[in-house]
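Examination of the molecular architecture
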Amino acid sequence: MMRPKLQVALDLLELDRAVQIAKESLEGGADWIEVGTPLIKSEGMDAIRTMREKFPEQKIVADMKTMDTGAIEVEMAAKAGANIVSILAVADNSTIEDALRSAREYGVELMVDIMNVPDPVAKSKELEEIGVDYICVHVGIDQQMVGVDTIDLLETIVKDVKTPLAVGGGLDAESAARAVASGADIVIVGGNIIRSADVTGSTRLIREAIDKAEVKERKRETLEEETIRLLMQVSTPNISDAMHREPGMRGIRPLFEGIKVVGRAVTVQTFGGDWAKTVEAIDVANPGDILVIFNGSDYITPWGELASHSAQNRGIKALVIDGPVRDIDEIRKIGFPVFASGIVPNAGDPKGFGEINAEITCGGVKVRPGDYIVGDDNGVMVIPKERAYEIARRAMEVKKNEDRVREEIRRGKTLSQVIELYKWEKKQK
Ligand SMILES: O=C([C@H](O)CO)[C@H](O)[C@H](O)COP(=O)(O)O
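Residues numbered from 1 in each chain as written. Predicted model: local features only at pLDDT ≥ 70, side-chain atom pairs only at ≥ 80, totals over all residues. Heavy atoms only, no water.

Selection criterion: UniProt positions are given in the numbering used here, feature names are shortened, and annotations may be inferred rather than shown by experiment.
Within an unreviewed UniProt entry, the label attached to the chain reads 3-hexulose-6-phosphate synthase, and the organism entered is Candidatus Syntropharchaeum butanivorans. Per UniProt, the chain carries the Catalytic activity (unreviewed entry) text "D-ribulose 5-phosphate + formaldehyde = D-arabino-hex-3-ulose 6-phosphate".

Here is the structure:
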């Protein structure tokens, strides 16, 4: 078997950064440079021309994601210097066939990306029949965020076609090795190389993994386990960015610094310091949950040290309260994480008004039982339970991107230089 190729996907917006990252990834063992679709949209065919000029010996893949007018788009990319042009399999066969004619005419190869096709096996057979050079088994970035797995897709196709397979979609060293073991001829990696602070080192790790193609037994995490693991690795600002700058809870701060908590909400609606429901909720919650309380008063508390102690014994992760707490000296001593909007000495009475596990508003944000709560030094974010996995994945992408930008700042550029801020200012109409 031929040594599998490693294709680095330059999904960036800035050409200078893309050139630098390409250079670093080639040093780490990448074979092919993919001019990613975002880069092509941002810089046009100049992105391909520049890569050709900077890397005259390298194989360059243009990820055009063409849907129509296949011939002209292949011609453009070929004339700009691409060796392989990638178009979409969801395009009509007339587009794919004409793109292939153009590829033959201009001396380039055609890769066809089966992302989003309704029947990947049937489509792959059809593409083989048409005679394309490569089939790209690809799970798009948005699909990755909702849990679609690239290797699962590869395994459904591999036995039915002989055309060389390029495989990509969220691959890291472990899944890249798995892809090769399952039959990938070309491994495409974007985010896990290009967003790394150490592009060369990350490429090297993936290179070694695909060369060995050793598959380790893996215990698949449940979606909930993976969601919590990922959320523990990102910050509330990462989460807010991933949610299109969704606000955190207003006016709610951690009682002490350096705490990071993730858990699912058990909600409590109470009134003016009535601590019956807040304390009963400790018995309702499961280990790992976070109590989220709306108190309706900023001068009488329904929560203090004894409740904290009891919650901690039950394995409850934290308390988030729109309202004040008391006994914070004792709460700090036992280290029970509390996020609150105030501190007072006086508690209310246990009258029994209110409700456990109703939808509430806390710090101006809607919270339902089971929603994911993340608290850290910056405040508290609420993630709707239906989108928790997706948001966790997207927040991780935000974090990775920041890791790379931080490294480029460390090397001496200003933030606006790194992200070419001026170019991306909204132009007035
Ligand atoms: O093609 C891609 C995507 O659609 C954005 O243009 C990526 O290059 C491809 O998915 C590889 O990137 P990662 O999934 O981040 O590894």
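Quick word on the UniProt feature "domain: Orotidine 5'-phosphate decarboxylase" (unreviewed entry) in the chain
The line we're drawing: Secondary structure follows DSSP: runs of H or I at least 4 residues long count as helices, runs of E at least 2 residues long count as strands, and numbering of each begins at the N terminus.
As annotated in UniProt, the feature "domain: Orotidine 5'-phosphate decarboxylase" (unreviewed entry) corresponds to residues 5-206 in the numbering used here. With 50% helix and 20% strand, the stretch residues 5-206 has end C-alpha atoms that lie 11 Å from each other.

Structural notes on the sheet that holds strand S7 (residues 165-168)
The strands that make up a sheet pair up through hydrogen bonds in the backbone, lying either parallel or antiparallel. As a reminder, the rule being used: Two strands qualify as a pair provided that DSSP identifies no fewer than 2 bridges between them. Helix axes use the C-alpha atoms of the stretch in contact, all axes being lines fitted to C-alpha atoms, and the angles between their N-to-C directions lie in the range 0 to 180 degrees. Note on contacts: a residue pair is in contact if any heavy atoms of the two residues lie within 4.5 Å.
Pairing in this closed barrel of eight strands is parallel, and the strands run S1-S2-S3-S4-S5-S6-S7-S8 around the ring. For this sheet, the mean inter-axis angle between neighbouring strands, taken without regard to orientation, is 25 degrees. Inspection of the sheet shows strand S5 (residues 109-113) paired to strand S6 (residues 134-138) by three bridges, in the parallel sense. Its bridge partner lying in S6, Val112 is registered against Ile135. Most of the contacts of helix H3 (residues 45-54) go to strand S3 (residues 59-66), to which it runs at about 170 degrees, and overall it touches strand S1 (5-10), strand S2 (32-35) and S3. Most of the contacts of helix H8 (residues 150-157) go to S6, to which it runs at about 140 degrees, and overall it touches S6 and S7.

Quick look at unusual backbone geometry
Test applied: Burial classification: accessible surface area is computed with a 1.4 Å probe over protein chains only, and a residue below 20% of its type maximum counts as buried, one above 50% as exposed, and the rest as partly exposed.
A positive phi angle, close to 50 degrees, is found at Lys65, a residue other than glycine. One can find Lys65 in strand S3. Despite not being glycine, Asn357 shows a phi value in the positive range, around 60 degrees. Since its relative accessible area comes to 33%, Asn357 is described here as partly exposed.

Remarks on helix H5 (residues 93-106)
Note the cut-off: To estimate the expected span of a helix, count its residues, drop one, and scale the result by 1.5 Å. Working definition: the arc comes from the directions between the helix axis and the C-beta atoms, pointing outward to the latter.
For H5, with 14 residues, the first-to-last C-alpha span of 20 Å sits near the 20 Å given by 1.5 Å per residue. Of all the positions in H5, only Thr95, Ile96, Ala99, Leu100, Ser102 and Ala103 are classed as buried. Projected down its long axis, H5 shows its buried positions confined to an angular sector of 165 degrees, all on one face. The exposed residues of H5 that point more than 90 degrees off its buried face are Arg101 and Glu105. With its phi angle positive at about 70 degrees, Gly107 sits one or two positions after the end of H5.

Focus on the site of the ligand
Using the following cut-off: Note on definitions. A residue lies near a molecule or strand when any single heavy atom of the residue is within 4 Å of it. N or O atoms within 3.5 Å of each other form a polar contact, as long as, within protein, one can give a hydrogen and the other can take it, and as long as residues adjacent in sequence are counted only when both atoms are side-chain atoms. Calculation of accessible area relied on Shrake-Rupley with a 1.4 Å probe; when residues are assessed, cover is drawn exclusively from the protein chains displayed. Gly is placed with the polar residues, together with every amino acid not listed as nonpolar (Ala, Val, Leu, Ile, Met, Phe, Trp, Tyr, Cys and Pro) or charged (Asp, Glu, Lys and Arg).
Residues in close proximity to the ligand total 15 residues, the closest being Asp11, His138, Gln144, Gly170 and Gly190. Between an oxygen atom of the ligand and a main-chain N or O atom of Gly190, the distance comes to 2.8 Å. Within the complex, 90% of the 400 Å² of free accessible area of the ligand lies under protein. Among the secondary structure elements, those contributing two or more residues to the shell around the ligand are helix H2 (37-43), S3 and helix H7 (141-145). In the shell around the ligand, the residues fall into four nonpolar, seven polar and four charged.

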